[in-house]
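# Per-entry structural report
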Amino acid sequence: MSADLTCPDCGTVYAAGPDEPWRCACGAPLEFADRPLPEDPGALELEPGRGLWNFEPWLPLEERVSLGEGFTPLVDAPDWNADFKLEYVFPTGSFKDRGATTTLSRAADLGVDRVLEDSSGNAGAAVATYAARAGIDAEIYVPADVKAAKLGAIERTGASPVRIEGTRQDVTDACIEAVEGGNGDGGDGPGDAESEAATRQAGAGWYASHAWNPAFYAGTMTFAFEIAAQRGWTAPDAVVLPVGHGTLFLGAYRGFSLLSEGGVIDEVPRLLGGQEAGCAPIADAVADGTATDPDEPSVADGIRIAEPVRLEEIREAIERTDGDVLALEPSTIEDTLGRLHRGGFYVEPTSAVAPAALERYRERGVLARDADVVVPLTGSGLKIE
């Protein structure tokens, strides 16, 4: 049976079940009460075909739904003096499959029959695909102008897409309202009885949110486990990632932290992020001078998140790893995308953010030219057609 949930802010514990809340009554994101600690990696037998589920002993949930995802290639990119981890070769074309397999595994374990998710496209396609694999109905809330390829990927699974006009936050708000059965945002104040009742999964379905659901982060932790395993159980000096809600950034932080705590690696690598100028709230939070305007035209729509749910956790990860997050101009991202394509990496625009950030960090002297760096390429170019 799945592990119970707990609130790291107020300490409230919630029993696992299909009616468990999607957030605490105090308003904070929930986490798993159970936190397995990695053992000696020499005792871990990596089985072909199990993909990221090879790390099941290190996860607070069990495999129920899988498409063999994980262990994406870690390849040398000499033109960038880095290793690229090709997260775009997942079954649905993005790293979001890491969180989808674990989230839908938990949903299946709990006996959930319907899930809801809000997404700019990739997370929705991943959740819809794994819900189909599990035989669970899915409703995916997306922006009205979602790319046709991503909308088609959702529709072909049999899931129901719901297109919402307005900002990306409007999409989230509409999905949460549906999750809560039309009960609005769950009350006016944290901790009141109305809020606690409204945030339980008693509305239109179970919230399979890549921003809120702790099962999703259990999946993205495996990104760190894989990097260490592929490098002979060592960590790089730094990892440079794109950051929106921070699902991969925080997954990397949690995974490397567990490996360090378990004595598997010597220390957690520096975590460095990139956002797009115009919608860079995390860069705003750690440095001055970055303008955030959700209405400004975007290149990297996959990370266009004006209000990250776990902003404080991201700031903590940055501080503890001597990390940073910076903002990049759309023209820089577009130039980097072209360079990636010419180098044989057929990725979507959001994937160009991390390599562009890598170059900027080197220009600023934040990273040495010879630093040992891993950069994930997060989404396939096939999903921009």
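Refer to the structure printed above.
Below or above, wherever it landed, is the structure these notes cover. (Residues numbered from 1 in each chain as written. Predicted model: local features only at pLDDT ≥ 70, side-chain atom pairs only at ≥ 80, totals over all residues. Heavy atoms only, no water.)

## Quick word on the pairing of strand β11 (residues 270-276)
Burial within β11 is extensive, with six of its seven residues counted as buried. Pairing analysis gives five bridges linking strand β10 (residues 238-242) to β11, with the strands arranged parallel. Each bridged residue has a counterpart across the sheet, and for A238 the counterpart in β11 is R270. In this region the chain leaves β10, passes through helix α8 (residues 247-261) and returns to the parallel neighbour β11; the handedness of that crossover is right-handed. The pairing of β11 with strand β12 (residues 324-328) spans five bridges and is classified as parallel. Bridging across to β12, G273 finds its partner in V325. (Buried < 20%, exposed > 50% of the residue type's maximum accessible area, 1.4 Å probe, protein only. Helix = DSSP H or I, 4+ residues; strand = E, 2+ residues; numbered from the N terminus. Pairing = 2+ DSSP bridges. Right-handed = clockwise from strand over helix to strand, strands pointing away.)

## Re the pairing of strand β13 (residues 373-377)
Burial within β13 is extensive, with five of its five residues counted as buried. Residues V373, V375 and L377 line one face of β13 and the alternating positions V374 and P376 line the opposite face, and both faces are buried. Where β10 lies against β13, two bridges are found, and the strand directions are parallel. Opposite V239, over in β13, you have V374 as the bridge partner.

## Here we look at the nonpolar core
What tends to happen in soluble globular proteins is that the nonpolar side chains get buried as a cluster. In terms of nonpolar packing, the biggest core is built from 52 residues, with F225, W233, L241, F249, F256 and L259 touching the most fellow members. At the level of secondary structure, the elements contributing two or more residues to this core comprise α6 (214-220), α7 (222-230), β10, α8, α9 (281-286), α10 (311-320) and β12. Sort the elements by how many residues they give to this core and α8 lands first, with eight residues. Other than its neighbours up to four places away in sequence, F225 contacts F55, W58, L59, W233, G255, L258 and L259. Within the second largest apolar cluster, 31 residues are counted, among which are L337, A354, A357 and V373. (Core = buried A, V, L, I, M, F, W, Y, C linked by side-chain atoms within 4.5 Å. Contact = heavy atoms within 4.5 Å.)

## Brief notes about helix α4 (residues 168-179)
Spanning 12 residues, α4 covers 17 Å between terminal C-alpha atoms, matching the ideal 16 Å at 1.5 Å per step. Of the residues making up α4, those classed as buried are R168, V171, T172, A174, C175, I176, A178 and V179. On its buried face, α4 sits against β6 (114-118), β7 (137-143), β8 (160-164) and β9 (206-207). (Expected span 1.5 Å × (residues − 1).)

## Concerning helix α1 (residues 96-110)
With 15 residues, α1 ought to run about 21 Å at 1.5 Å a step, and its terminal C-alpha atoms sit 21 Å apart, in line with that. Among the 15 residues of α1, 14 are classified as buried, and the element is accordingly described as predominantly covered. Backbone geometry just downstream of α1 places G111 in the positive-phi region, at approximately 80 degrees.

## As for the packing of helix α11 (residues 330-342) against helix α12 (residues 353-363)
One way to put it is that α11 packs onto α12 with a least axis distance of 8 Å and a crossing angle of 105 degrees. If you check the angle between α11 and α12, you find them roughly perpendicular. Taking contact as the criterion, the partners of T332, I333, T336, R339 and L340 in α11 are, on α12, V353, P355, A356, E359 and R360. Here the contact of α11 with α12 is built from residues that sort into five nonpolar, two polar and three charged. (Axes fitted to C-alpha atoms, helices over the stretch in contact; angles between N-to-C directions. Parallel < 35°, antiparallel > 145°, perpendicular 65-115°, else oblique. Nonpolar A, V, L, I, M, F, W, Y, C, P; charged D, E, K, R; others polar.)

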